[in-house]
Amino acid sequence: MRIGAIEAGGTKFVCGIGNSQGEIEDQISFPTERPELTLPKVIQYFQDTKVEAIGIGSFGPIDLRPDSTTYGYVTTTPKPGWSNFDMLGTLREAFRVPFGWDTDVNAAALGEVTWGAAQGLSSCIYYTIGTGVGVGVYAEGRLIHGLVHPEGGHILMRRHPDDPFAGGCPYHGDCLEGMAAGPAIEARWGVKGHELPADHIAWEIEAFYIAQSITSAILFNSPQRIILGGGVMQQSQLFPLIRKAVQANLNGYINSSAILEHIDDYIVPPGLGQQAGLCGALALGLAARDRALA
């Protein structure tokens with residue numbers, strides 16, 4: 001069995017071919033340019049591969065409502081050329097196979113549930129903190145959709161008392177993405193995050209915002225695990241800072257050993273590492289194939 005997988009990120013596209021065990025057998029990546037330059041590369045990669053289905057985990061916002069006239073579209077993104085672009089329809093014209101379609105972070109959450117750090121659990125929340133901030137939610141055994149889909153990267157923040165940075169989000173200024181994404185770190189300190197020392201105050205401020213969001217997620221969604229991925233989270237010193245701040249925020253209110261005693265096993269990096277998004281797209285493709293065969 002060969003299943004296609006597309007991790008359609010705002011910075012780069014990663015395309016791969018995998019199997020039902022979650023093994024990626026081949027993959028390629030290229031920068032995300034305008035659709036007319038990017039999609040032909042995707043189509044060329046999958047041409048003649050005989051994949052049985054393709055899963056797409058896409059940057060957003062996207063339309064996930066099958067009864068909508070714009071189902072399969074990227075919607076209000078500020079990324080040039082992609083706003084109101086029919087990504088799913090373009091690929092369906094090229095390949096007559098079942099497609100799975102969801103956000104990149106929902107896909108990553110599904111990948112972690114299927115093969116990674118949330119195996120055996122009925123709920124988890126996946127954060128990607130990098131060029132932007134996205135949040136995927138898996139609850140009661142399914143990915144969460146609704147009016148649109150979770151957009152947890154844009155929740156509003158209580159500001160750190162020592163942080164004068166105005167925020168970098170073009171829509172909301174000082175939302176989570178505006179304060180904690182990679183570009184916000186660079187704008188605030190004048191260098192990229194990986195150039196800052198591990199003991200720089202930048203990481204305490206970063207942990208403050210991420211922990212604030214996680215605290216809200218725990219109180220509102222009660223997930224069985226929190227998974228933190230993305231380029232910013234490659235700074236391993238963030239994990240203990242975030243865990244400590246979450247415990248302080250909750251102040252013993254959530255009477256669970258996962259929080260009080262085992263938080264190192266509750267707030268964790270992706271079990272699939274950098275492949276969480278691509279493996280999640282593979283899982284979307286497998287589910288699409290199974291639905292088509294049912």
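Refer to the structure presented above.
Now for a look at the structure at hand. All values reported here derive from a predicted model rather than from experimental measurement.

About the criteria used
- Residues numbered from 1 in each chain as written.
- Predicted model: local features only at pLDDT ≥ 70, side-chain atom pairs only at ≥ 80, totals over all residues.
- Heavy atoms only, no water.
- Helix = DSSP H or I, 4+ residues; strand = E, 2+ residues; numbered from the N terminus.
- Rg over C-alpha atoms; globule rule 2.2 N^0.38 Å.
- Buried < 20%, exposed > 50% of the residue type's maximum accessible area, 1.4 Å probe, protein only.
- Contact = heavy atoms within 4.5 Å.
- Areas by Shrake-Rupley, 256 points an atom, 1.4 Å probe, with all protein chains shown as cover.
- Salt bridge = Lys/Arg side-chain N within 4 Å of Asp/Glu carboxyl O.
- Pairing = 2+ DSSP bridges.
- Axes fitted to C-alpha atoms, helices over the stretch in contact; angles between N-to-C directions.
- Parallel < 35°, antiparallel > 145°, perpendicular 65-115°, else oblique.
- Left-handed = near helix turned anticlockwise from the far one by under 90°.
- Nonpolar A, V, L, I, M, F, W, Y, C, P; charged D, E, K, R; others polar.
- Disulfide = S-S within 2.5 Å.

## Quick notes on the overall build of the protein
If you tally the helices and strands in the protein, you get nine helices and twelve strands. Expected size for 294 residues packed as a compact globule is a radius of gyration near 19 Å; at 19 Å, the protein falls within 12% of this value. Once the C-alpha set of the protein is aligned to its principal axes, its extents read approximately 55 × 40 × 35 Å. Sorting the 294 residues of the protein into buried and exposed places 51% on the buried side. A fraction of 62% describes how many contacts in the protein between residues 6 or more apart in sequence connect residues 24 or more apart. Total accessible area computed for the protein in this model is approximately 13400 Å², and 51% of it derives from carbon and sulfur atoms.

## What to know about the pattern of salt bridges
Evaluated as defined, the whole model comprises nine salt bridges. The closest approach of N and O atoms between arginine 159 and aspartate 174, which form a salt bridge, is 3.1 Å. Within this pair, whereas arginine 159 is found in the loop between β10 (142-143) and α4 (176-180), its partner aspartate 174 is found in the loop between β10 and α4, the two being separated by 15 residues in sequence. Look at arginine 159 and you get partly exposed, because its relative accessible area is 30%. Relative accessible area serves as the criterion here: at 23%, aspartate 174 is assigned to the partly exposed category. Several salt bridges share partner residues, and in doing so they unite Glu52, Arg289 and Asp290 into one network.

## Quick word on the sheet that holds strand β2 (residues 12-18)
Strand order in the open sheet formed by five strands is β3-β2-β1-β4-β7, with mixed pairing between adjacent strands. Edge positions in the sheet fall to β3 (24-31) and β7 (99-103), since each of these pairs with one other strand and no more. For this sheet, the mean inter-axis angle between neighbouring strands, taken without regard to orientation, is 15 degrees. Alignment of β2 against β3, held across seven bridges, turns out to be antiparallel. Within the sheet, the bridge partner assigned to glycine 16 lies in β3 and is glutamine 27. Across the sheet, helix α1 (residues 35-46) is in contact with β1 (3-8), β2, β3 and β4 (54-58); its angle to β2 comes to roughly 15 degrees.

## Focus on the packing of helix α6 (residues 201-221) against helix α7 (residues 238-250)
Two numbers describe how α6 lies on α7: the axes approach to 8 Å, and their chain directions differ by 50 degrees. By the angle class used here, α6 and α7 are oblique. Once α6 is placed against α7, the crossing between them reads as right-handed. Contacts from Trp203, Glu204, Glu206, Ala207, Ile210, Ala211, Gln212, Ile214, Thr215, Ile218 and Leu219 of α6 reach α7 at Leu238, Leu241, Ile242, Ala245, Val246, Asn249 and Leu250. Looking at the contact of α6 with α7 residue by residue, the classes come out as 13 nonpolar, three polar and two charged.

## Topic: the pairing of strand β11 (residues 226-229)
Alternating residues of β11 divide into Ile226 and Leu228 and Ile227 and Gly229, and every residue in both groups is buried. Judged from the two bridges that link them, β11 and strand β12 (residues 267-268) form a sheet pairing that is parallel. Each bridged residue has a counterpart across the sheet, and for isoleucine 227 the counterpart in β12 is valine 268.

## Description of the state of the cysteines
Tallied over the entire structure, the rule returns zero disulfides. Looking at cysteine 124, it has no disulfide partner, and the nearest cysteine sulfur is the one in cysteine 279, 14 Å off. Classification of cysteine 124 as buried rests on a relative accessible area of 0%. For the unlinked cysteine cysteine 175, the closest cysteine sulfur is that of cysteine 169, found at 3.7 Å. On the accessibility criterion, cysteine 175 (0% relative accessible area) is buried.

## What about the packing of helix α5 (residues 182-189) against α6?
Where α5 contacts α6, the two axes come as close as 12 Å, and the packing angle between them is 140 degrees. One finds that α5 runs oblique with respect to α6. When you trace α5 past α6, the crossing you get is right-handed. Contact with α5, carried on its side by Ile185, Arg188 and Trp189, involves Ile201, Ala202, Trp203, Ile205, Glu206 and Tyr209 of α6 and no other residues of that element.

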